[in-house]
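# Remarks on the overall topology
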Amino acid sequence: MTALIARELRLAAGGGAAFLPLVFFLLVATLFPFAVGPDGPLLARTGGGALWMAALLAALLPVDRLVEPDLASGTLDQLALRGISEEVIALAKLAGHWLSFGPLLMLAAFPAAALMGLPEPVLWRLELGLLVGTPGLAALTLGVAAITASLRRSGALAGLLILPLAVPLLIFGAGLVERGTENGALQLLAAASLLLVAGAPFAAGAAIRAGRE
Amino acid sequence: MTGGGGEKLLEMKGVAGWRGGRLLFEGFDLSLGPGEAAMVTGPNGIGKSSLLRIAAGLLPARAGTVARADAALADESLALEPRRTLGAALAFWARLDGVSAVPGMEAMGIAHLAEVPVRMLSTGQRKRAALARVLACNAPLWLLDEPANGLDTEGRERLEKGMAAHRIRGGAILLATHQPLALPDCARVTLA
């Protein structure tokens, strides 16, 4: 299992793609104030939601390289021959994917929040939300990556599959940033994230098995 | 890790193979014990690769039963990380198998390529790498799909030597090929 997770991290870091989600996240954080204008209160009010959207899209970036290359190269077959179940492979991929972008995004949220002029309590709610929500984003990306792995030019389909399922995370994540922890947004975010994390390995495992021809 | 005396390493009974909604073969029986080997031949598209994938358990048999010991598969897909060196990429699998990758690389004559990235290897060298992974592992059953494709004469001789040694150790081999390969006393199976 550790060897599999290490392999995922190695693949994520390879080819200069390691910092792509991070760069993307910071890019949005930099550009958003330019688009909205130098209106401090407005930025502080909308910034959290914008950062959540950036986090969502950053998590989606590697959707085409999470499962498809391993399916095409026969790696998934070789793992299956060694008696490693598809669910375990999916779990390792989930852990590897989250480790490759989740902690980085939480770090990047500090400069991003500064760019948006978010007040400190809001920043901490954003960090808390990212900690709870990014595993859900990783799980969603993995599930869709596995489902679309055996299809050609599946980028558009992946987007269509992910976006509706990501809406709860986005609503509760942004709600947590905006309105604080009293209204149950954190609990609902955690519930949505947990559901995705618990279900994704099974969905992805079944999709990998079904994708074999 | 050889199979116990008389125990079957691969047992296929009444197996039917489908691909793309088309029946490839049916009523296929095969059993391999320690030291035995079978060579599957037949025209392109007849279902040799599907047969091997069914034996490996990667494809479900449409009918019939398949029972097998631990198996190693070498087919047309390399399953090595292209950016890593050959030695490191093979070591990943060797660690999963609980063995060292070096004997396999030496047996296939690619030990000197250990520091070369996988993506720089030639077709023949890639084939040797895939076979080195099989040679290194302890699985008693080898499933080889066109193992001689892309190999030169020297590579073919190394493969034949490796297969002979595996059978002496009590292993079994199921092999699909179009190339002439020396596999003494093997059962010949023709799919038609």
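Everything quoted here is computed from the prediction, not taken from an experiment. (Residues numbered from 1 in each chain as written. Chains lettered and ligands numbered in written order. Predicted model: local features only at pLDDT ≥ 70, side-chain atom pairs only at ≥ 80, totals over all residues. Heavy atoms only, no water.)

Moving on, we get to the overall build of chain A. Helix and strand counts for chain A come out as nine helices and zero strands. Traced from its N-terminal end to its C-terminal end, chain A shows the element sequence α-α-α-α-α-α-α-α-α. A globule of 213 residues ought to have a C-alpha radius of gyration of about 17 Å, and chain A, at 18 Å, matches this closely. If you line up chain A on its principal axes, its C-alpha atoms span 55 × 35 × 30 Å. In chain A, which comprises 213 residues, the share counted as buried stands at 50%. (Helix = DSSP H or I, 4+ residues; strand = E, 2+ residues; numbered from the N terminus. Rg over C-alpha atoms; globule rule 2.2 N^0.38 Å. Buried < 20%, exposed > 50% of the residue type's maximum accessible area, 1.4 Å probe, protein only.)

In this section: a nonpolar patch on the surface. Residue and element names in this part refer to chain A. On the surface, Ile-147, Leu-151, Leu-157, Leu-160 and Leu-161 cluster together into a nonpolar patch covering about 430 Å² of accessible area. It is helix H8 (residues 155-179) that contributes the most residues to the nonpolar patch, three residues altogether. With respect to the helices and strands, Leu-161 occurs in helix H8. (Patch = residues over 30% accessible without salt bridge, like charges linked within 9 Å, V, L, I, M, F, W, Y side chains within 5 Å. Areas by Shrake-Rupley, 256 points an atom, 1.4 Å probe, with all protein chains shown as cover. Salt bridge = Lys/Arg side-chain N within 4 Å of Asp/Glu carboxyl O.)

Here we come to the sheet that holds strand S2 (residues 22-32) of chain B. Residue and element names in this part refer to chain B. Taken in spatial order, the three strands make up an open sheet running S2-S1-S4, and their pairing is antiparallel. Both outer strands of the open sheet, S2 and strand S4 (63-68), are each paired with one neighbouring strand and no more. Pairs of neighbouring strands in the sheet enclose a mean axial angle of 30°, with direction left out of account. Relative to S2, strand S1 (residues 10-19) is paired through seven bridges, and the arrangement is antiparallel. Paired with Leu-10 across the bridge in S2 is Leu-32. Lying over the sheet, helix H1 (residues 48-56) contacts S1, S2 and S4, oriented at roughly 125° with respect to S1. (Pairing = 2+ DSSP bridges. Axes fitted to C-alpha atoms, helices over the stretch in contact; angles between N-to-C directions. Contact = heavy atoms within 4.5 Å.)

Turning our attention to the sheet that holds strand S5 (residues 71-74) of chain B. Residue and element names in this part refer to chain B. Taken in spatial order, the five strands line up as S5-S6-S7-S3-S8 in an open sheet, and their pairing is parallel. If you trace the sheet from one side to the other, it starts and ends with S5 and strand S8 (187-190), each paired once. Each neighbouring strand pair of the sheet contributes to a mean axis angle of 15°, computed without reference to strand direction. Across four bridges, S5 lies against strand S6 (residues 141-145) in parallel orientation. Each residue of the ladder has a partner; that of Ala-71, found in S6, is Leu-141. Across the sheet, H1 lies against strand S3 (37-41), S6 and strand S7 (172-176), angled at about 155° from S6, the strand it touches most.

Turning next to helix H4 (residues 123-136) of chain B. An ideal rise of 1.5 Å per residue puts 20 Å on 14 residues; H4(B) measures up with 20 Å between its terminal C-alpha atoms. Taking burial as the measure, the 14 residues of H4(B) include 11 buried ones, the bulk of the element. What H4(B) keeps buried is the set B:Gly124, B:Lys127, B:Arg128, B:Ala129, B:Ala130, B:Leu131, B:Ala132, B:Arg133, B:Val134, B:Leu135 and B:Ala136. If you follow the buried residues of H4(B), they end up packed against helix H5 (75-81) of chain A together with S5, helix H2 (86-97), helix H3 (102-107), S6 and helix H5 (153-168) of chain B. (Expected span 1.5 Å × (residues − 1).)

Following the criterion strictly, the structure yields three aromatic pairs over all chains and no others. When the ring of A:Phe110 is compared with that of A:Trp124, the centres are 5.8 Å apart and the planes differ by 75°; the resulting orientation is edge-to-face. With A:Phe110 in helix H6 (residues 86-116) and A:Trp124 in helix H7 (residues 120-148), the pair connects residues that are 14 residues apart, well separated along the chain. The ring of B:Trp18 has B:Arg62 lying over it, and the distance from NZ or CZ to the ring centre is 4.2 Å. (Phe/Tyr/Trp six-rings, centres within 6.5 Å; stacked < 30°, edge-to-face > 60°. Lys NZ or Arg CZ within 6 Å of the ring centre and 35° of its normal.)

Residue and element names in this part refer to chain B. Along the polypeptide, Asp-75 turns up in the loop between S5 and H2. By relative accessible area, Asp-75 is classed as buried at 6%. If sequence neighbours within four positions are ignored, Asp-75 has contacts with Arg-53, Lys-127 and Asp-145.

None of this, on its own, says anything about what the molecule does.
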